[in-house]
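Structural description and commentary
Take a look at the letters that make up each chain.
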Amino acid sequence: MTKHRAVCAHDCPDMCSLVVEVEAGQVVRIQGDPEEAYTAGFACAKVTRDVEVVHAPDRLRTPLRRTGPKGSGQFAPITWDAALDEITARWKAIIAADGAEAILGYAYSAHQGHMNRRLVSGLFHALGTSRLMAGTVCDTCCETAWDMTLGPVGGTDPESIVHSDLVIAWGCDLMAVNVHVWALLEKVRKTGVKLIVIDPRRSQTAARADWHLPIRIGTDAALACGIAHILLRDGKIDRAYVDAHTLGFDRWAAEILPGFPPARVARITGLAEADIERLAAMYGAAKTSLIRLGEGMTRLAKGGQALRAVATLPALTGAYGREGGGALLLAAASMDFQFQVLGKPSGPATARMVNHLALGEALEEMHDPPIRSLFIAANNPAVTNPDVARLRRALAREDLFTVVHDPFMTDTARFADIVLPATTYLETEDFYRSYGTYRMQYAEAAILPQHEARSNFHLAQELGRRMGLTDPVFSLKPKDIVPLLFKGATGMVGEVDPARVFEGPYKFTPPAAQEFRTPSGRLEIYSETLAKQGIPPLPIWEEDPVEAADAARWPLRLLTAPGYFQAHTAYAASPFLRKREGAPCAILHPAEAAKRGLSDGQKVRLFNDLGEVGLVLKVSDEVQPGVCLVPGQRPDAEAVSGTVNMLCDMRRTDMGEGACYQSTFLDIVAWGEERAA
């Protein structure tokens, strides 16, 4: 048996260091690296089961060519040379006839290693194809709102939580998505530091917190404005910090905050007025309060304003200026490597853009030229995108030449013309930069590629060479590219010798006080950039008229959240994790279930104007009346019928053109019962 250091490449802020035990070329055990301080010797329950994933019996073994109708899953094995010859011949013919923009590369973050994540996009950038506006299904709204407030910069170092005197998990289920921060927090709480959770759901984190505030979905901005109102009223504003480091506070205080007294905020949020007063008092008394921000609060129509309002609060108390205080959304923006070496090796300065969430729309409506070929890697849009039914209709186009690169036959791969077997992260070397901590690592492959699998990185290089690209990244080894990522980098990255990354995990040390990279160099409560875009330039809660109309028609609002064992379909290959998570479910409050005559464990139909989905009902008071919670993203084969994103439309958020999953309204009946008129 041999042991190998590895890095978890799943889309998670923790980026755990791992020790992988290998025997006879097979992974036999995965555990956290005990020599890495942040991982602290343990990995989450999902990652330790990746032994099952890498050696799953249903791994794709060879390239496949479609033999039946699209979506049927009928394929025959072919060789890699035959597959690559067909792909490049088709692409060259399409480019000759309609230009490169008739092709779209659609790759995202299922692999967090930057060689494998970015070179696929770099291939299509260099070819001059249509380009993906990536991340709109996930984080573009919250990132844009953060950038409009603090600038493109990382937030508070999560490891400084040891200096915090109050922690608020605002829309963030730490036990599901940030387990190592939870581990640090447990130690801090033993010293008397309180944890407050603000979340519509009584998550596992909320159940273990000192105080849980079950806020109404979509009202986070109102609560933040209400807290600011009370801090101003009670003289708890750190005027010295506000005057020195913010822009627009006086306008916010005069124009917006008077409209959010506690009584009104209570009506909007569903929280008790006394609880709002208590929360503001606790926050105003803390000196090094830390808010861990979740992304889910921004996946709705006014999500950007929610993030801006909450992210402003640490400036009012001066917490941004103290170690352990402030807010954390993401850390990555302060580790500004030269990733354009991989993602933009060459190619035209501009090209036609396709919004990540609107793939179905693009495939059906784009012309001059239409999209004639689609390459998908590290993504499963036939499950994860909104308005999935429309997307699947578009993927079924017989004239659309589709290639999917994946370790498994996903719901998306079933629509492909060519399916290529991909490696998992344990079968490829890569460079990793966390997006939730200030750490970087390099990892070798723990085992050889299984069967005939090839990595995203090596596939992109081979396709680049066959398409005539001569950029160095299409021939260099991954280790030779690493120094290029540091070359010309500034700040923390520019201070590090690139060779250091090969010696083991490296922890950057960000400034103790929050940096701001806005045009003014301050935290911009008032944003001139937003004003020019016709977006309210001061953080505010406003009722969205479309949401209000939908709420009047439908009795339930959808809440989506990561599953604890099946956060997304990348974990679907583990039988153990599927069993632990249970069948894909819809969670209703007992009062809502009783109103419909429904019982726990019953098959139910969720429906609205877009479609219907079949799930198993779980009755629990972890959600409030009026809410339907659907945790995780699951393949069709596991559900009674379909996937919940069939009910979500393609509306965009107020900032960042993101998806509005939480702006979905619906009703539920028993599975065999006709849906209501």
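One structure accompanies this document, and this report is about it. (Residues numbered from 1 in each chain as written. Predicted model: local features only at pLDDT ≥ 70, side-chain atom pairs only at ≥ 80, totals over all residues. Heavy atoms only, no water.)

Now for the overall build of the chain. Each helix and strand in the chain was counted, giving 24 helices and 27 strands. Taken against the 2.2 N^0.38 rule, which gives 26 Å for 677 residues, the C-alpha radius of gyration of the chain at 25 Å falls within 12% of a compact globule. For the chain, the spread of C-alpha atoms along the three principal axes comes to 70 × 65 × 55 Å. The buried share of the chain, taken over its 677 residues, is 61%. Considering only residue pairs separated by 6 or more positions, the chain has 76% of its internal contacts joining residues 24 or more positions apart. With an accessible surface of roughly 24,200 Å², the chain has 52% of that area assigned to carbon and sulfur atoms. (Helix = DSSP H or I, 4+ residues; strand = E, 2+ residues; numbered from the N terminus. Rg over C-alpha atoms; globule rule 2.2 N^0.38 Å. Buried < 20%, exposed > 50% of the residue type's maximum accessible area, 1.4 Å probe, protein only. Contact = heavy atoms within 4.5 Å. Areas by Shrake-Rupley, 256 points an atom, 1.4 Å probe, with all protein chains shown as cover.)

Right, let's talk about the packing of aromatic side chains for a bit. To describe a pair of aromatic rings, one takes the distance between the centres and the angle between the planes. The tally for this structure, following the rule as stated, stands at 12 aromatic pairs. With 5.1 Å between their ring centres and 85° between their planes, Phe337 and Phe486 make a pair best called edge-to-face. Of the two residues, Phe337 sits in the loop between strand 13 (326-328) and helix 14 (340-343) while Phe486 sits in helix 19 (residues 478-486), which places them 149 residues apart along the sequence. Given the relative accessible area of 6%, Phe337 is considered buried. Within the aromatic cluster, the residues linked to one another by ring pairs are Phe337, Phe339, Phe431, Phe486, Tyr506 and Phe508. The ring of Tyr571 has Lys46 sitting right over it, with the charged end atom 5.9 Å from the ring centre. (Phe/Tyr/Trp six-rings, centres within 6.5 Å; stacked < 30°, edge-to-face > 60°. Lys NZ or Arg CZ within 6 Å of the ring centre and 35° of its normal.)

A word on helix 3 (residues 114-127). Taking 1.5 Å as the rise per residue, helix 3 with 14 residues should run 20 Å; its terminal C-alpha atoms sit 20 Å apart, in good agreement. Among the residues making up helix 3, those that are buried are His114, Met115, Asn116, Leu119, Val120, Gly122, Leu123, Phe124, His125, Ala126 and Leu127. Just downstream of helix 3 lies Gly128, where phi reads positive at about 80°. (Expected span 1.5 Å × (residues − 1).)

What the 6 strands build is an open sheet, ordered 5-4-17-16-15-6; its pairing is mixed. Of all strands in the sheet, those with a lone pairing partner are strand 5 (75-77) and strand 6 (103-107), marking the two edges. For this sheet, the mean inter-axis angle between neighbouring strands, taken without regard to orientation, is 15°. Looking at chain direction, strand 15 (residues 373-377) and strand 16 (residues 401-406) are connected through 5 bridges and run parallel. When the sheet's bridge partners are listed, Leu374 is paired in strand 16 with Thr402. (Pairing = 2+ DSSP bridges. Axes fitted to C-alpha atoms, helices over the stretch in contact; angles between N-to-C directions.)

Okay, the pairing of strand 8 (residues 166-170) next. Among the 5 residues of strand 8, 5 are classified as buried, and the element is accordingly described as predominantly covered. Burial along strand 8 is two-sided: Leu166, Ile168 and Trp170 and Val167 and Ala169, pointing in opposite directions, are all buried. Relative to strand 9 (residues 194-198), strand 8 is paired through 5 bridges, and the arrangement is parallel. Within strand 9, the residue paired with Trp170 across the bridge is Ile198. As judged from the 5 bridges shared by strand 8 and strand 12 (residues 289-293), these two strands associate in the parallel manner.

For the pair helix 8 (residues 220-233) and helix 11 (residues 262-269), the least separation of the axes is 9 Å and the interaxial angle reads 165°. Our classification of the angle between helix 8 and helix 11 gives roughly antiparallel. Here helix 8 runs over helix 11; the crossing is left-handed. Two secondary-structure elements touch here, helix 8 through Ala222, Leu223, Gly226, His229, Ile230 and Arg233 and helix 11 through Pro262, Val265, Ile268 and Thr269. Split by residue class, the contact of helix 8 with helix 11 holds 6 nonpolar, 3 polar and 1 charged. (Parallel < 35°, antiparallel > 145°, perpendicular 65-115°, else oblique. Left-handed = near helix turned anticlockwise from the far one by under 90°. Nonpolar A, V, L, I, M, F, W, Y, C, P; charged D, E, K, R; others polar.)

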